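# Descriptive structure summary
Take a look at the letters that make up each chain.
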Amino acid sequence: MDEGIRGDKRLISASCAVYDGSSRSLSVSSNGFHGEQTGTSIWMGADLTFRDRGDRRASGDFYPGARRLSDMPTVQNIARKALERVRQRLGVTKGPSQKGYMVVDARAAGRLISSLVSPASAQALQQKRSFWMGQLGKMMFSEQLTLVDDPLLLRGLGSRLYDSEGIAARPLTLVDKGVVQNIYADTYYGRKLKMAPTTGSRSNLLMKPGSSSLKDLLAAAGEGIYVTSWLGGNADNTTGEFSLGLRGHLIRNGKIAEPVGEMNVTGSLKELFGNLVALGNDPWPYSSLRAPSMMFEGVSFSGA
């Protein structure tokens, strides 16, 4: 463990783990298709708990994953990052209710993108359980948003040669500068909607990054909430309405201020991504969903 933690009397527990594996699959179908795919993966990380004020406890973790060990951070950097995160949670308070800017850390951005694209499928549209209905070819989100599903990404955790139906892997643009271009369509539900099949499931989902650093986004926001992780919550695929618990920090004078928790952010995913005003240059690399830090305006928070 990092030298900075030795002798720190606030430490309650520390755990570390390493997972690695390899996979091999064979697919055969009645139409004559057969294919084989292999892959490797490794995950490692650390989780720390510190004693905070009174009976409170603060926790922080860092668990990256990749296809190859050479693409991973060093063990020392993983430990330092976990230690940095637990120390940032010390002294957390309940943040104030407000409406304003929200900056989402790259590691937390994937949760929002996953909720956004979850109903972007032919099955959901055919069953009328998607707020993406009727949006093909239309401007649905901010021009800042471009999403591409790329199964051919080198060493991507979701990379593949074909999907579960044997459809050949190829990049698929879902959203281009806010305009909906495609959805996930398998052969069965694509036929029901009279659509050509694309692919029935997600591989590597890539969000086109911006040119700003996280520091730049915080400075541009001035005041607001910086979200570092999510706690529970849900999103409705049919309406797009969502409510998520959050952990993070206040943004004050364009910088990270005291930690906050016991807060919710609520609204419509369509409206939220319509209010996406800036993107970072820091896509999270340790996931099949690679999104950068994001900045939204007009976001509603409930707290103290």
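Scroll up for the structure.
Residues numbered from 1 in each chain as written. Predicted model: local features only at pLDDT ≥ 70, side-chain atom pairs only at ≥ 80, totals over all residues. Heavy atoms only, no water.

## Remarks on the pairing of strand β2 (residues 34-51)
Inspection of the sheet shows strand β1 (residues 11-28) paired to β2 by 17 bridges, in the antiparallel sense. Note that in β2 the partner of Ala14 across the bridge is Leu48. Note: β2 against strand β4 (residues 65-66), 2 bridges, orientation antiparallel. Within β4, the residue paired with Trp43 across the bridge is Gly65. Pairing geometry for β2 and strand β3 (residues 57-62), over 6 bridges, is antiparallel. Within β3, the residue paired with Asp47 across the bridge is Asp61. (Pairing = 2+ DSSP bridges. Helix = DSSP H or I, 4+ residues; strand = E, 2+ residues; numbered from the N terminus.)

## Points about the sheet that holds strand β7 (residues 147-149)
Strand order in the open sheet made by the 5 strands is β9-β8-β7-β10-β15, with mixed pairing throughout. For this open sheet the edge positions go to β9 (179-180) and β15 (289-290), each flanked by a neighbour on one side alone.

## Details of the side chain of Gln37
As for its position among the elements, Gln37 is in strand β2. One polar contact links the side chain of Gln37 to the main-chain amide nitrogen of Leu161, over a distance of 2.4 Å. (Polar contact = N/O pair within 3.5 Å; in protein donor to acceptor, adjacent residues only side chain to side chain.)

## Topic: the nonpolar core
In terms of nonpolar packing, the biggest core is built from 49 residues, with Met102, Trp132, Phe273 and Met294 touching the most fellow members. Looking at which element gives the most residues to this core, the answer is helix α2 (residues 106-117), with 6 residues. Other than its neighbours up to four places away in sequence, Trp132 contacts Leu116, Val117, Pro119, Ala120, Leu125, Met140, Phe141, Val175, Val180, Asn182 and Ile183. Formed by 17 residues, the second largest nonpolar core is a distinct cluster that contains Ile42, Phe62, Ala66 and Leu83. (Core = buried A, V, L, I, M, F, W, Y, C linked by side-chain atoms within 4.5 Å. Buried < 20%, exposed > 50% of the residue type's maximum accessible area, 1.4 Å probe, protein only. Contact = heavy atoms within 4.5 Å.)

## Notes on the pairing of strand β13 (residues 255-268)
The pairing of strand β5 (residues 93-94) with β13 spans 2 bridges and is parallel. Bridge pairing in β13 places Lys94 opposite Gly261. As defined by bridge partners, strand β12 (residues 241-252) adjoins β13 across 10 bridges and the pair is classed as antiparallel. Opposite Ser243, over in β13, you have Thr266 as the bridge partner. Here β12 folds back onto β13, and the loop between the two strands holds 2 residues, one of which, Asn253, carries a positive phi near 55 degrees.

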